[in-house]
Amino acid sequence: MKIKVKNSSWQHVSEMPHLERKPPMKQSAFARWLLKALSAGELKDVDFSYTEIGMEKLKKDEPCLILMNHSSFTDLNIAAKLFADRQYHIVCTNDGLVGKAGIMRWIGCVPTPKFIGDMRLIKDMKYCVDVLRSSVVMFPEASYSFDGTATPLPKSVGKLVRLLKVPVIMVRTQGAFLRDPLYNNLQKRSVKVTATVEYLISENDLCTKSVDELNEILQKAFDYDHFREQLKLGIIIDEPFRADGLHRALYKCPVCGTEGEMRGEGISLRCNHCGSSWTLLEDGRLAPDAPGEEPGFSLVTDWYAWERACVRGEIERGEYRMEEDVDIMVLKDFKAIYRIGEGTLVHTADGLQLTGCDGELDFFLDSRLSYSLYADYFWYELGDMISIGETGQQFYCFPKRGEKAIVAKARLAAEELYKIRAEKRK
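Below you will find a few notes about this structure. Keep in mind that this is a model prediction, so the values were computed, not measured. (Residues numbered from 1 in each chain as written. Predicted model: local features only at pLDDT ≥ 70, side-chain atom pairs only at ≥ 80, totals over all residues. Heavy atoms only, no water.)

### Describing the sheet that holds strand β12 (residues 286-288)
For the record, the criterion: Two strands make a pair as long as DSSP finds a minimum of two bridges between them. Helix and strand labels come from DSSP, where a helix needs a run of H or I of at least four residues and a strand needs a run of E of at least two; each type is numbered from the N terminus. The convention used is that axes are lines fitted to C-alpha atoms, helices contributing only their stretch in contact, and that angles between N-to-C directions extend from 0 to 180 degrees.
Within the open sheet, the four strands sit side by side as β9-β10-β11-β12. Their pairing is antiparallel. On the outer flanks of this sheet lie β9 (262-265) and β12, each paired with one strand and no other. In this sheet, neighbouring strand axes are inclined to one another by 25° on average, regardless of whether the strands run parallel or antiparallel. Examined bridge by bridge, β9 and strand β10 (residues 268-271) share four bridges and lie antiparallel to one another. Among the inter-strand pairings, glycine 264 is bridged to a residue of β10, identified as leucine 269.

### Things to note about the packing of helix α2 (residues 29-45) against helix α3 (residues 74-82)
To keep things clear, this is the line we draw: For classification, angles of less than 35 degrees are called roughly parallel, those exceeding 145 degrees roughly antiparallel, those between 65 and 115 degrees roughly perpendicular, and all remaining angles oblique. The sense of a crossing depends on the near helix, which, turned anticlockwise from the far helix by less than a right angle, makes the crossing left-handed and, turned clockwise, makes it right-handed. Any two residues whose heavy atoms approach within 4.5 Å are treated as being in contact. For this classification, Asp, Glu, Lys and Arg are treated as charged, while Ala, Val, Leu, Ile, Met, Phe, Trp, Tyr, Cys and Pro are nonpolar and the rest, including Gly, are polar.
In the contact formed by α2 and α3, the axes pass within 8 Å of each other and the chain directions differ by 125°. Our classification of the angle between α2 and α3 gives oblique. Here the hand of the crossing between α2 and α3 comes out left-handed. Packed against α2, whose contacting residues are Leu35, Lys36, Ser39, Glu42 and Leu43, the element α3 presents Thr74, Asn77, Ile78, Ala80 and Lys81 at the interface. Looking at the contact of α2 with α3, its residues break down into four nonpolar, three polar and three charged.

### Remarks on helix α5 (residues 119-130)
This is how it is decided: Every helix has an expected span of 1.5 Å times one less than the residues it contains. Partly exposed residues are those whose accessible area sits between 20% and 50% of the maximum for their type, while under 20% is buried and over 50% is exposed, using a 1.4 Å probe and protein chains only. By construction, the arc corresponds to the directions joining the helix axis to the C-beta atoms.
Spanning 12 residues, α5 covers 17 Å between terminal C-alpha atoms, matching the ideal 16 Å at 1.5 Å per step. Along α5, the residues classified as buried are Leu121, Asp124, Met125, Cys128 and Val129. End-on view of α5: buried residues confined to an arc of 130°, all on one side of the axis. Seen from the buried face of α5, the exposed residues on the opposite side, beyond 90 degrees, are Met119 and Lys123. The inward-facing, buried residues of α5 contact β3 (65-68), β4 (88-93), β5 (109-112), β6 (135-138) and α6 (156-164).

### Regarding the state of the cysteines
Our working rule: Note on terminology: pairs of cysteine sulfur atoms within 2.5 Å are recorded as disulfides.
Enumeration according to the criterion identifies zero disulfides in this entry. With no disulfide partner, cysteine 92 has as its closest neighbouring cysteine sulfur the one in cysteine 109, 4.1 Å distant. Free cysteine cysteine 397: the closest other cysteine sulfur is in cysteine 357, separated by 9.8 Å.

### Considering unusual backbone geometry
In the Ramachandran plot, asparagine 185 falls in the positive-phi region, its phi being about 60° despite a non-glycine side chain. Residue placement: asparagine 185 occurs in the loop between α7 (176-179) and β8 (194-201). For asparagine 185, a relative accessible area of 29% corresponds to the partly exposed category. A positive phi angle is found at glutamate 381, which is not glycine, with a value near 65°. For glutamate 381, the position within the fold is in the loop between β17 (374-376) and β18 (385-390). Of the residues examined, glutamate 381 reaches a relative accessible area of 32% and is grouped as partly exposed.

### Notes on the environment of serine 268
Relative to the helices and strands, serine 268 resides in strand β10. For serine 268, a relative accessible area of 26% corresponds to the partly exposed category. The spatial distance from the C-alpha of serine 268 to the C-alpha of lysine 57 is 48 Å, given a sequence separation of 211 residues. What serine 268 contacts, discounting residues up to four positions off in sequence, is Ala243, Arg263, Trp278 and Thr279.

### Topic: the nonpolar core
The condition is simple: Side-chain atoms within 4.5 Å link the members of a nonpolar core, which is a set of buried Ala, Val, Leu, Ile, Met, Phe, Trp, Tyr and Cys residues.
Among the nonpolar cores identified, the biggest contains 61 residues, and Ile340, Leu345, Leu354, Leu361, Ile388 and Phe395 are the most heavily contacted of them. Considering each element in turn, this core owes the most residues, eight residues, to helix α12 (residues 407-425). Other than its neighbours up to four places away in sequence, phenylalanine 395 contacts Trp10, Ile328, Met329, Val330, Leu354, Leu361, Phe363, Ile386, Ser387, Ile388 and Gly389.

### A closer look at the environment of glycine 260
Within the secondary structure, glycine 260 sits in the loop between α10 (226-233) and β9. A residue is classified by how much of its surface remains accessible, and glycine 260, at 16% relative accessible area, is buried. Sequence-wise, glycine 260 and cysteine 271 are 11 residues apart; in three dimensions their C-alpha atoms are separated by 8.8 Å.

### As for the packing of α6 against helix α9 (residues 211-221)
Viewed as axis vectors pointing N to C, α6 and α9 meet at an angle of 110°, and their least axial separation amounts to 8 Å. Relative to α9, the element α6 lies roughly perpendicular. Where α6 abuts α9, its residues Val157, Gly158, Lys159, Val161 and Arg162 lie against Val211, Leu214, Asn215 and Leu218. Residues that form the contact of α6 with α9 fall into these classes: five nonpolar, two polar and two charged.

Right, here's the structure in full:
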């Protein structure tokens, strides 16, 4: 999938009016049929099946909040099949509407910026359930998983659930990440995909349980580890490209400690600094090519968790800092993404500072404002990216070093900075 890009200047873009937001459109039965029909081929390829738990409690025309874990684009195909018999609206990222806002709103999309406070989204969701009598599909993790485990949920989800006052349905997918992990450059593997559709929270629960109790239920529902699941279930992935791009997530060598010199190609992951290498086995395990090579990790998720701990250590010692020369694009309307020039992105414990465009641009995002960071691999086939912004404008920063720049580390740092501040508040 690609996105419409136009060249412009920051001065011109900054003078453009803010993004126009419109109320969600009522979704037609034809739109749902079309989405289901367009999804049929992909779901046939993955031999999709699903099971239901307690779904008889949900009335046919009763609005509900549908929460899904976010693994790959296949998630949207699954939603289209599961809920074709009821009106639903999908909360999606603003950039998903660029160049096609009309049709995306027609099929039921409700746009919002990622990891940026957006009170309008709450109003839009209330409008869907109260006025349109529509269900709302939401991916509360907001971004695809980098390592096959859950990304953090904001504490505000529990408050949102109580505010909407409708039952909560949980859709948990299995296999969607293994089929199309974000790091693997859009290369799909042959993996069966299934889902569990569960009536998770009732209207009575919303009245009797506290926000903390609701958050606890939601956190438990979003506890998953796809690589461990692969090993446990004996799922075999034998594609010869299964380790392509794995260095995007596993960027730090556990043998020599060097960052940015890992390289995932074919079925192997190698450190170009010290020469250590691993094979990604068909059952999802990582095996060192030199027996006895330590320290090492048998699963991608354990390696990624170690990287997270390393980032947290840097923050606690006051050592964390990322600085990258970047190409800058900005979203100001749904007509295009505007390429406005070059600059520098600096990430520290205080937040993210973006400067550039011959001194005209200077934007700062405080680390206290978001529990995570919009970072992505091969974003719309343009490259690895870090996005920051505020209501009305969102910047997309593409490091000039390409994949050697570690966007995963920036996201880990943003998450750990937020956790540390929350722990101090407690």
